[in-house]
Amino acid sequence: MDLWNNLISVFANKLNKTQLNLLGGVEKAEFKDGKLYIHTPDSIYRDWLKLNFEEDIKKSVAILLGEKTDIFYIVKKEKEKEKEERKINEEVKEKPYILTNINPKYTFSNFIVGSCNKVAYASCLSVAENLGKIYNPLFIYGGIGLGKTHLLHATANYLLSINPNANVIYTTADTFMSELIYFMKNGNVLEFRRRYKNVDLLLIDDVQFLEGKERTQIELYHIFNALYLIGKQVILSSDSPPKSLKGIQERLRSRFSSGLVVEVKAPDLTTKLNIISKKAKEKNLNIPSDVKLLIAKTINTNVRELESSLYRLKAYSEILGKPITLKLAREVLKDILELKNVEELSIEKIQKEVASYFSVNLNELLGNSRKKQVRMARQVAMYLARYLTTKSLKDISKAFRRKHHTTVLNAIEKVEKSMEKDRKFKLTVEFLKERIMSL
Ligand code: ADP
Ligand code: MG
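Analysis parameters
- Residues numbered from 1 in each chain as written.
- Chains lettered and ligands numbered in written order.
- Predicted model: local features only at pLDDT ≥ 70, side-chain atom pairs only at ≥ 80, totals over all residues.
- Heavy atoms only, no water.
- Helix = DSSP H or I, 4+ residues; strand = E, 2+ residues; numbered from the N terminus.
- Rg over C-alpha atoms; globule rule 2.2 N^0.38 Å.
- Buried < 20%, exposed > 50% of the residue type's maximum accessible area, 1.4 Å probe, protein only.
- Areas by Shrake-Rupley, 256 points an atom, 1.4 Å probe, with all protein chains shown as cover.
- Lys, Arg positive; Asp, Glu negative; His and termini not counted.
- Charge placed at Lys NZ, Arg CZ, Asp CG, Glu CD.
- Phe/Tyr/Trp six-rings, centres within 6.5 Å; stacked < 30°, edge-to-face > 60°.
- Domains from an automatic or database assignment.
- Near = heavy atom within 4 Å.
- Polar contact = N/O pair within 3.5 Å; in protein donor to acceptor, adjacent residues only side chain to side chain.
- Arc of directions from axis to C-beta.
- Contact = heavy atoms within 4.5 Å.
- Pairing = 2+ DSSP bridges.
- Axes fitted to C-alpha atoms, helices over the stretch in contact; angles between N-to-C directions.
- Right-handed = clockwise from strand over helix to strand, strands pointing away.
- Core = buried A, V, L, I, M, F, W, Y, C linked by side-chain atoms within 4.5 Å.
- Salt bridge = Lys/Arg side-chain N within 4 Å of Asp/Glu carboxyl O.

**Q** Looking at this structure, how should I read the overall build of the protein?
**A** Across its full length, the protein holds 21 helices and eight strands. Here the C-alpha atoms of the protein give a radius of gyration of 29 Å, more than 25% beyond the 22 Å that 2.2 N^0.38 yields for 439 residues. With respect to the three principal axes, the spread of C-alpha positions in the protein is 85 × 65 × 40 Å. Here the protein holds 439 residues, and 44% of them are scored as buried. Roughly 23800 Å² of accessible area belongs to the protein as shown, and the carbon and sulfur atoms make up 50% of that amount. Between the centroid of the 74 positive side chains of the protein and the centroid of its 53 negative side chains there is a distance of 6 Å.

Shown next as structure tokens:
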């Protein structure tokens, strides 16, 4: 038997079949210079292993080898992925011929519109419908992960849907530059220009990368002018407005702002919730509304981060075979939550809110009154304390001045039963849950 199986065998008797199977996912374990190295297939598996079994593994090592050890995890996939990515990047550098690479995944219909981005969205749509006629160029700026690239591709996809023969080029400023360099090296700048001569719509993403790139700016200026004169459309994106772009020639900057300049802002809470719902639906994920709220409140600006936390939740819930609940979400997103310094709700806050909602006074809630309304409020507060915090039953019973944690357990059971039976009661509890979370 190899080291890993030996290690597991020490605590195997307390594992169920699924856990045993899952533990078989470790590829190799080795002991070197007093340290244990565990090879895992990917980072999610590593996190799961760490979270659930690190202590057991350490104990096993102590029992089997008679010494304490540090554990190091080696993730296979990431190393390989990195290698692959590097290879792809190198290939792209070598082969600068790929020009039209519109991503069909980014469309107007799967773009969620909110007050933060509706101007940008509407501008793109009308530009696609009135190519070269209204806003030329259209300049979209805003922070990372707010949907600029999505909008550029959506515009292209929309145009191609109403006019499949339209000549569209999407490129990033970076690619534009490396292609120019490539053609210059081969003494073929004319060929480079020719490719842009016949486009109907030219999309250039992330023009902030042109800062300080004089030669590329000159080329873009000429291409831009040529297109502009014959009424062809240009859309640009950048992380900041034209006037804040440093190291860009004045004449190019004034071209950038000569059409329409629009900003995409960070999404507000409602838009974030809408985006989460939409993305969850696309991924066939069933996410309860309190979890959505947790994610929306935790992640401040970046939509890409919203997406990746959904991916993470999905992966964890699949690996662990558990449904996505607030408790699981808190665990899985723990590092983000800590990073963002989101405080855990206090039981006191929950008690106060619930008491005031049911018009019960706080002393009554914590006291021994058997009045129906008070009892209900107390039970709901206990239920929510269990649901919305990571506190133990013992802590909760203490906070409610009860002697036995079974009181809390009974309350939770009661609330859950009533929620099943009584739709109105269920809605009330759900409502309170959301309200308390959004405080
Ligand atoms: P940017 O180019 O501004 O850095 P992206 O367009 O790459 O941002 O967006 C990052 C991710 O977030 C993409 O997967 C995109 O589909 C998604 N996204 C951003 N904004 C929205 C939105 N309003 N509706 C739906 N998805 C969005
Ligand atoms: Mg982008």
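After presenting the structure, the write-up continues.
**Q** Sorry, what's going on with the packing of aromatic side chains here?
**A** The geometry of an aromatic ring pair comes down to the distance between the two centres and the angle between the two planes. For the structure on display, the rule yields 15 aromatic pairs. A centroid spacing of 5.6 Å and a plane angle of 25° characterise the contact between Tyr37 and Phe72, whose relative ring orientation is stacked. Residue Tyr37 is located in strand 2 (residues 35-40), and its partner Phe72 is located in strand 3 (residues 70-75); the two are separated by 35 residues in the primary sequence. The class of Phe72 is partly exposed, set by a relative accessible area of 38%. Summarising the aromatic geometry, the rings of Phe224 and Tyr228 are spaced 5.9 Å apart at their centres and angled 15° between planes, so their arrangement reads as stacked. Here Phe224 and its partner Tyr228 are both found in helix 9 (residues 214-229), four residues apart, which amounts to about one turn of the helix. When its relative accessible area of 4% is taken as the criterion, Phe224 is described as buried. Taken together through their ring pairs, the aromatic side chains of Phe176, Tyr182, Phe183, Phe192 and Tyr196 make up a single cluster.

**Q** In this structure, what is going on with the domain arrangement of the protein? I would like to understand it.
**A** The figure often quoted for interface size is the accessible area lost as the parts come together. In terms of domains, the protein is made up of domain 1 (2-81), domain 2 (96-264), domain 3 (269-341) and domain 4 (347-437). Centre-to-centre, using C-alpha coordinates, domain 1 lies 40 Å away from domain 4.

**Q** Quick question: what am I supposed to make of the site of ligand 1 here?
**A** Around ligand 1, 18 residues are found, and the nearest of them are Gly145, Thr149, His150, Arg304 and Glu307. Separating an oxygen atom of ligand 1 from a side-chain N or O atom of His150 is a distance of 2.7 Å. Notes on ligand 1: free accessible area 560 Å², of which the protein chains cover 94%. Looking at the shell around ligand 1, the elements with two or more residues in it are helix 6 (148-162), helix 11 (269-282) and helix 13 (303-320).

**Q** For this particular structure, what's the right way to read helix 8 (residues 189-197)?
**A** Along an α-helix, residues three or four positions apart point the same way, because every turn accommodates 3.6 residues. All of the buried residues in helix 8 are Val189, Phe192, Arg195 and Tyr196. Each buried residue of helix 8 sits inside an arc of 120° when the element is viewed along its axis, so together they form one side. For helix 8, the exposed residues set more than 90 degrees away from the buried face come down to Leu190 and Lys197. Buried residues along helix 8 sit in contact with strand 5 (168-172), helix 7 (173-185), strand 6 (201-205) and helix 9.

**Q** Help me understand the sheet that holds strand 5, please; the structure alone is not making it clear to me.
**A** Across a sheet, strands are paired by hydrogen bonds formed along the backbone, either parallel or antiparallel in direction. One open sheet accounts for five strands, arranged 5-6-7-4-8; its pairing is parallel. With partners counted over all chains shown, the strands left at the sheet margins are strand 5 and strand 8 (260-263), one partner each. Looking at each pair of strands side by side, their axes are set apart by 15° on average, direction ignored. Pairing analysis gives four bridges linking strand 4 (residues 138-141) to strand 7 (residues 233-238), with the strands arranged parallel. Its bridge partner being in strand 7, Tyr141 is matched across the sheet by Ser238.

**Q** Is there a simple way to think about the pairing of strand 7 in this case?
**A** Among the six residues that make up strand 7, six are buried, leaving the element largely enclosed by the rest of the structure. Covered by surrounding structure in strand 7 are Gln233, Ile235 and Ser237 together with Val234, Leu236 and Ser238, the residues of both alternating faces. The parallel pair strand 6 and strand 7, bridged by helix 9, forms a crossover whose chirality is right-handed.

**Q** What is the right way to look at the sheet that holds strand 1 (residues 28-32) in this model?
**A** Spatial ordering of the open sheet is given by 1-2-3, a layout of three strands whose pairing is mixed. One side of each edge strand has no neighbouring strand; the edge strands of this open sheet are strand 1 and strand 3. Neighbour-to-neighbour, the strand axes of this sheet turn through a mean angle of 25°, independent of strand direction. Where strand 2 and strand 3 come together, six bridges link them in parallel fashion. Residue pairing across strands places Tyr37 opposite Phe72, the latter belonging to strand 3. Contacting strand 1 and strand 2, helix 1 (residues 3-11) runs over the sheet at an angle of about 95° to strand 1.

**Q** I keep staring at helix 1 and nothing clicks. Help me out?
**A** Those residues of helix 1 lying buried are Trp4, Leu7, Ile8 and Phe11. Looking straight down helix 1, one finds that the buried residues subtend no more than 95° of arc, so they occupy a single side.

**Q** How should the nonpolar core be read in this particular structure?
**A** If you look at soluble globular proteins, the nonpolar side chains tend to sit buried side by side. Counting residues in each nonpolar core, the largest one holds 54 residues, and the members touching the most others are Val291, Ile295, Val354, Val380, Leu384, Leu388 and Phe400. At nine residues, helix 18 (residues 372-388) tops the list of elements feeding residues into this core. Residue contacts for Leu388: discarding those within four places in its chain leaves Leu326, Arg330, Leu345, Ile350, Lys433, Ile436 and Met437. Core analysis: the second largest hydrophobic core is formed by 25 residues, Tyr196, Leu220, Tyr221 and Leu227 among them.

**Q** Could you clarify how one ought to interpret the pattern of salt bridges in this entry?
**A** Under the definition given, this model contains 11 salt bridges. Asp290 is paired through a salt bridge with Lys433; the nearest N and O atoms lie 3.6 Å apart. Placement of Asp290 in helix 12 (residues 289-298) and of Lys433 in helix 21 (residues 423-437) is noted, with a sequence separation of 143 residues between them. Its relative accessible area of 3% is what places Lys433 among the buried residues. For Lys371, the salt bridge identified is with Glu364, shortest N-O distance 2.9 Å.

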